[in-house]
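Residue-level structural notes
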Amino acid sequence: MNTEQNTAARVETLLQQMTLAEKIGQMNQYSDFWEVTGPNSQAGDAEMKLDHLVQGRVGSMLNVRGVEHIYKLQKLAVEESRLGIPLIFGFDVIHGHKTLGPIPLAEAASWDLVAIEQAARVAATEAAAVGLNWTFAPMVDISRDARWGRVMEGAGEDPYLGAQVGVARVKGFQGEDLAANNTIAACAKHFAAYGFPEAGREYNTVDIGTSTLYNVVFPPFRAVVDAGVRTVMNAFNILNGVPATANSQLQRDLLKGAWGFDGFIVSDWRSVVEIVTHGFAADLQEAAIIAANAGSDMDMESYAYIHHLEAAVVSGAVPIAVVDDAVRRIVRLKFELGLFDDPYRYCDVERERTMIYHPDHLAAALDMARKSIVLLKNQDNLLPLSRKQEKIAVIGALAVDKTSPLGSWRIGSDDESAVSVLEGLLAYSQNIRYAQGGDVFVGTTDFREEITVNETDRSGFAEAIKLAQESAVVVMVLGEHGFQSGEARSRTQLDLPGLQQELLEAVYAVNPNIVLVLMNGRPLAIPWADEHLPAILETWQLGTQSGHAIAEVLFGDYNPSGKLPMTFPRNVGQVPIYYNHFRTGRPAVAEDVFWSHYIDEANTPLYPFGYGLSYTTFAYANLSVEGIAGRSIKVSIEVANQGNRSGEEVVQLYICDQVATVARPVKELKGFEKVELAPGEMKVVVFILTEKELGFFNNEGMFVVEPGAFTIMVGTNSRDVLSADYRLA
Ligand code: GLC
């Protein structure tokens with residue numbers, strides 16, 4: 001309690017007083033008694049958990065809701081146990097707590113790092129107000145496979161964008177002072193390569209090459225470690241046959257060693273138990289030993305450390321130094337959070353009451369939401385709609401859904417708390433009539449259960465078709481239920497679930513003047529819609545303010561500025577499909593069949609990475625590339641707004657290292673800038689490429705910058721670019 005000492009000294013003073021059992025207690029994390037976010041922990045453990053809290057044998061709790069409950073548990077630990085070490089309370093505050101912003105994949109589509117940081121700031125403020133000190137976010141897993149449900153939780157397929165977004169979110173969560181009562185510790189997850197499950201199937205085997213590991217998977221983790229993220233969560237998967245939770249190379253040699261990470265590693269939910277399931281340990285005792293020695297500092301809900309680590313230390317299987325290192329890392333964060341100085345600093349019922357759903361938070365969520373929307377098609381400028389537009393039909397069950405827009409990671413928020421699309425539209429116009437078109441989902445809102453899709457009941461079609469016939473324009477809101485993406489929600493198809501495509505075509509047959517509003521947690525394959533419909537808006541799951549943001553864009557109060565952070569395929573058979581692919585040995589179309597292609601589908605995506613339209617048009621000209629000091633390259637481009645309304649454009653910079661000692665992708669994002677341009681305005685956008693952007697990791701994990709021919713590209717997306725050659729000395 002000696003605040004005169006610095007944190008390191010206070011940590012040592014405390015460590016010297018702790019028994020082995022108390023040290024191991026700090027490495028032990030329990031979920032609350034009735035909330036689980038994984039395979040269920042037996043309710044019967046509540047007694048054991050309470051006993052351990054009083055005995056000082058618990059370091060952290062997760063899934064505890066609200067100040068009152070957190071205060072009660074903190075009081076047990078602080079006032080009943082021998083040393084009174086405070087608990088750290090973690091929760092999945094993924095894109096907000098009560099007030100929800102857009103799902104992280106949607107946020108990434110804004111390419112607006114300031115807005116993304118602000119969204120995390122709001123999330124931290126509300127989380128801290130309800131007593132929490134730690135979020136299990138940002139998820140910085142890169143993924144190229146839209147079948148995997150958790151693509152909604154990351155920043156898409158690109159490591160450069162993923163790193164920038166990850167850093168912005170960590171800054172937003174942690175702020176400048178972790179001891180402040182509106183900041184929380186962040187957690188980069190899932191270390192590592194969880195986003196590459198075979199066949200896109202959740203929790204499946206990961207088997208990827210060294211070059212992908214070093215040049216795609218690791219960079220976002222390294223970026224957030226360098227930005228000061230205080231915790232990391234490991235992954236469920238094996239990597240080269242070794243479970244991440246048991247992987248000393250990953251956790252000790254690389255993360256804590258080479259990268260100098262000084263925070264702590266928490267296991268994922270019961271991932272220590274899963275070391276046994278993977279066949280990497282004979283039993284939980286052996287798994288506990290392996291996990292601790294591999295650098296997993298805290299055990300989430302496996303009850304492995306609490307039951308087996310003491311004997312392991314006594315037998316010498318786990319050196320006491322391993323335990324001491326883990327405990328130092330854990331209690332250091334508690335000092336940094338100010339929990340020793342005031343364990344109840346986050347337990348203020350008045351702040352809890354006033355901060356959740358605060359108007360400033362709702363405004364920030366709306367700002368983030370409108371910036372996350374991507375305009376995919378707008379033939380003959382059907383959009384924006386005029387406020388005077390007569391006879392607008394709104395069709396689709398998702399148009400009135402007030403829960404799906406919250407996405408799947410909404411366990412801290414409230415069902416039915418989103419503004420629906422219909423509510424947003426009605427705030428603009430009364431010339432609107434609604435028809436559901438039939439149930440799309442028949443199901444539960446319990447996130448532990450599967451969603452049932454309506455595949456048979458067409459009784460709602462007739463009413464929707466009749467309304468479309470009587471209307472001038474039809475806004476169809478189609479897509480996925482909030483629980484059809486997210487953890488444990490992989491799909492083998494990327495189409496519109498259930499009877500939605502059938503309903504769309506039936507409505508189109510009587511009125512082709514359709515604006516499709518997509519509400520989804522992953523890229524979808526919608527080739528029919530792209531071919532037939534005049535307008536398509538990608539609105540993801542935009543959180544609490546969803547309906548207002550969508551209405552603002554549909555009626556033109558906001559000019560859409562989003563760009564896809566993940567490639568949209570034509571066909572699920574193309575997956576994994578991504579822009580920064582390799583050439584292959586046969587990239588070019590040949591006279592014969594012997595080149596890299598399908599016999600039944602094009603190679604190209606439906607919409608490429610970085611793609612997004614605007615209600616105005618932008619022209620790119622005069623790309624200039626020149627070498628400057630220190631092997632850096634100055635790149636400049638003129639971007640002009642050729643339309644009659646202002647708009648924001650994400651100017652994207654790509655490179656290709658033509659020849660290297662490890663084959664390099666056909667292009668890699670290495671810079672972007674979101675610029676606002678008034679009608680007729682032109683700006684010169686300048687990028688500086690340094691060795692940091694020009695180099696890559698070789699298969700020994702060494703970062704190298706090799707001389708030779710580069711192509712420098714700048715454009716409005718990863719496909720439509722101006723390019724210039726450059727020779728690096
Ligand atoms: C889940 C997720 C992880 C989450 C943790 C706690 O299984 O994999 O991302 O933070 O358990 O809920």
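Reading across the sheet, the three strands line up as β5-β6-β9 and stay open at both edges, with parallel pairing between neighbours. Only two strands of the sheet have a single neighbouring strand rather than two, namely β5 (187–191) and β9 (264–266). Ignoring which end each strand starts from, the neighbouring axes of this sheet average 30° apart. With three bridges connecting them, strand β6 (residues 231–234) and β9 associate as parallel partners. Following the sheet pairing, T231 is matched in β9 by F264.

Now for unusual backbone geometry. The step from F191 to A192 runs through a cis peptide bond, and the omega angle for that step is 5°. For A192, the position within the fold is in the loop between β5 and α8 (210–226). In the segment running from L383 into P384, the intervening peptide bond is cis, with an omega of -5°. A positive phi is found at D380, a non-glycine position, where the angle reads about 50°.

Buried within helix α17 (residues 461–469) are the following residues: F461, A464, I465, L467 and A468. Seen end-on, α17 carries its buried residues on one side only, within an arc spanning 160°. Of the residues in α17, the exposed ones pointing more than 90 degrees away from the buried face are A462 and Q469. Packing partners of the buried residues in α17 comprise β12 (392–395), β13 (432–435), β16 (473–479) and α18 (500–510).

Within the secondary structure, P497 sits in the loop between β16 and α18. Residue classification places P497 among the buried residues on the basis of a relative accessible area of 5%. Sequence separation between P497 and S81 is 416 residues; the distance between their C-alpha atoms is 53 Å. When sequence neighbours within four positions are dropped, the list of residues in contact with P497 reads V440, F441, V453, G479, E480, Q484 and R491.

Under the counting rule described, the total for this entry stands at 25 aromatic pairs. When the centroid spacing of 5.4 Å and the interplanar angle of 85° are considered together, the rings of Y214 and F218 count as edge-to-face. Here Y214 and its partner F218 are both found in helix α8, four residues apart, which amounts to about one turn of the helix. Aromatic rings pair up to connect F191, Y214, F218, F221, W259, F697 and F703 into one cluster. In this structure, R144 is placed above the aromatic ring of Y578, and the distance from its NZ or CZ to the ring centre is 3.7 Å. In this arrangement the basic side chain of K189 is found over the ring face of W409, its NZ or CZ atom lying 5.4 Å from the centre.

Moving on to the side chain of K670. With respect to the helices, strands and loops of the structure, K670 is situated in strand β22 (residues 668–677). Despite being buried, K670 has no salt bridge partner; E668 is the closest side chain of opposite charge, sitting 4.1 Å away.

Before going further, it helps to examine the domain arrangement of the protein chain. Looking at the assigned domains, one finds that the protein chain contains domain 1 (371–574) and domain 2 (618–728). The distance between the C-alpha centroids of domain 1 and domain 2 comes to 34 Å. Taken together, the contact pairs seven residues of domain 1 with nine residues of domain 2. When the buried area of domain 1 at its contact with domain 2 is split by residue, N559, S561 and K563 rank highest and sum to 74% of it. Between E649 and K563 there is a salt bridge, with its nearest N and O atoms 3.1 Å apart. Counting across the domain 1 and domain 2 interface gives six residue pairs in polar contact (both at pLDDT 80 or more). Residue composition of the side of domain 1 that touches domain 2, grouped by class: two nonpolar, three polar and two charged.

Here is what the cut-offs are and how they apply
Residues numbered from 1 in each chain as written. Predicted model: local features only at pLDDT ≥ 70, side-chain atom pairs only at ≥ 80, totals over all residues. Heavy atoms only, no water. Pairing = 2+ DSSP bridges. Helix = DSSP H or I, 4+ residues; strand = E, 2+ residues; numbered from the N terminus. Axes fitted to C-alpha atoms, helices over the stretch in contact; angles between N-to-C directions. Buried < 20%, exposed > 50% of the residue type's maximum accessible area, 1.4 Å probe, protein only. Arc of directions from axis to C-beta. Contact = heavy atoms within 4.5 Å. Phe/Tyr/Trp six-rings, centres within 6.5 Å; stacked < 30°, edge-to-face > 60°. Lys NZ or Arg CZ within 6 Å of the ring centre and 35° of its normal. Lys, Arg positive; Asp, Glu negative; His and termini not counted. Salt bridge = Lys/Arg side-chain N within 4 Å of Asp/Glu carboxyl O. Domains from an automatic or database assignment. Buried area = accessible area lost by both parts, 1.4 Å probe. Polar contact = N/O pair within 3.5 Å; in protein donor to acceptor, adjacent residues only side chain to side chain. Nonpolar A, V, L, I, M, F, W, Y, C, P; charged D, E, K, R; others polar.

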